[in-house]
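# Architecture at a glance
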Amino acid sequence: MTGAPRATPNTTAQAALQYDAVVVPRYSERFAQLILDEIQPGTRATVLDVGCGSGTPAFEVLRRLSESGRVIAVDPDQALVDLARRRASVREDGRRIFFKCETADELRFGDEVFDLVVGNLVLGELDGPTALP
């Protein structure tokens, strides 16, 4: 990574709810559908969702996976991650989806952990292609 690391966003819980009510239906859900169209129902995979926000498309990705599938979703904004975690805690399949507050530029996972990586509206959060390994 080049340059100084960016600070982790510090959205309030109220702003996270507003993001979820306005941005998700208008933008995130529309672009997420392009990702979801590429994942066949019953896919056996461990998926990384980078820039998961409040959980779009992580929950829908999980629905397309087989019962052994898992989703690990990361976002640098703690309030959005907290909102997604609350949603996961009341879902029957909530034990197969995990939310973590982490930036896309500093992921701490080993090699070959994931079968698929998705990112919905996340490119603006990255330093650029030269920052990727």
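Below: a short report on this structure. This structure is a prediction, so every number in the text was calculated from the model and none was measured. Per-chain numbering applies: the sequence of each chain, read as written, is numbered from 1 onward. With the structure being a predicted model, the display of local features is reserved for residues of pLDDT at least 70 and the display and counting of side-chain atom pairs for 80 or more, all residues being used for whole-chain, interface and lining totals. Note that water and hydrogens are dropped before the side-chain values are worked out from all heavy atoms of the structure.

Here we come to the overall build of the protein chain. Under the scheme used here, helices are H or I runs from DSSP no shorter than 4 residues and strands are E runs no shorter than 2 residues, and both carry numbers assigned from the N terminus. For the protein chain, the helix and strand inventory stands at three helices and four strands. Taken from the N to the C terminus, the helices and strands of the protein chain come in the order α-β-α-β-α-β-β. Classification of residues uses two cut-offs on accessible area relative to the type maximum, computed with a 1.4 Å probe and protein chains only: under 20% is buried, over 50% is exposed, and between them is partly exposed. Counting across all 133 residues of the protein chain, residues that qualify as buried make up 41%. For the protein chain, contacts bridging at least 24 residues in sequence account for 74% of all contacts bridging at least 6. Here, residues are in contact when the closest pair of their heavy atoms is within 4.5 Å.

This next bit is on the environment of Glu67. Along the chain, Glu67 falls in the loop between α2 (58-64) and β2 (70-75). Taking the C-alpha atoms as reference, Glu67 lies 7.9 Å from Arg44; in sequence the two are 23 residues apart.

Let us look at the nonpolar core. Judged by nonpolar contacts, the single largest core of 19 residues is most densely connected at Val47, Val61, Leu65, Val71, Ile97 and Phe99. Of all the secondary structure elements, the ones that give two or more residues to this core are α1 (13-36), α2, β2, α3 (78-89) and β3 (97-101). The biggest single contributor to this core is α2, with four residues. If we skip the residues at most four places from it in the chain, Val61 touches Leu36, Ile39, Val47 and Val71. Within the second largest apolar cluster, seven residues are counted, among which are Leu48, Ala104, Phe114 and Val122. By convention a nonpolar core is built from buried Ala, Val, Leu, Ile, Met, Phe, Trp, Tyr and Cys residues, the set being connected through side-chain atoms within 4.5 Å.

Moving on, we get to the environment of Tyr19. Within the secondary structure, Tyr19 sits in helix α1. For Tyr19, a relative accessible area of 27% corresponds to the partly exposed category. The sequence separation of Tyr19 and Leu80 amounts to 61 residues, and the corresponding C-alpha distance is 8.7 Å. If sequence neighbours within four positions are ignored, Tyr19 has contacts with Val24, Ser28, Ser54 and Leu80.

It is worth spelling out the state of the cysteines at this point. Any two cysteine sulfur atoms lying within 2.5 Å of each other are counted as a disulfide. For the coordinates displayed, the defined rule picks out zero disulfides. Between Cys52, a free cysteine, and Cys101, which holds the nearest cysteine sulfur, the sulfur-to-sulfur gap is 9.0 Å. Assessed through its relative accessible area of 2%, Cys52 is described here as buried. The class of Cys101 is partly exposed, set by a relative accessible area of 25%.

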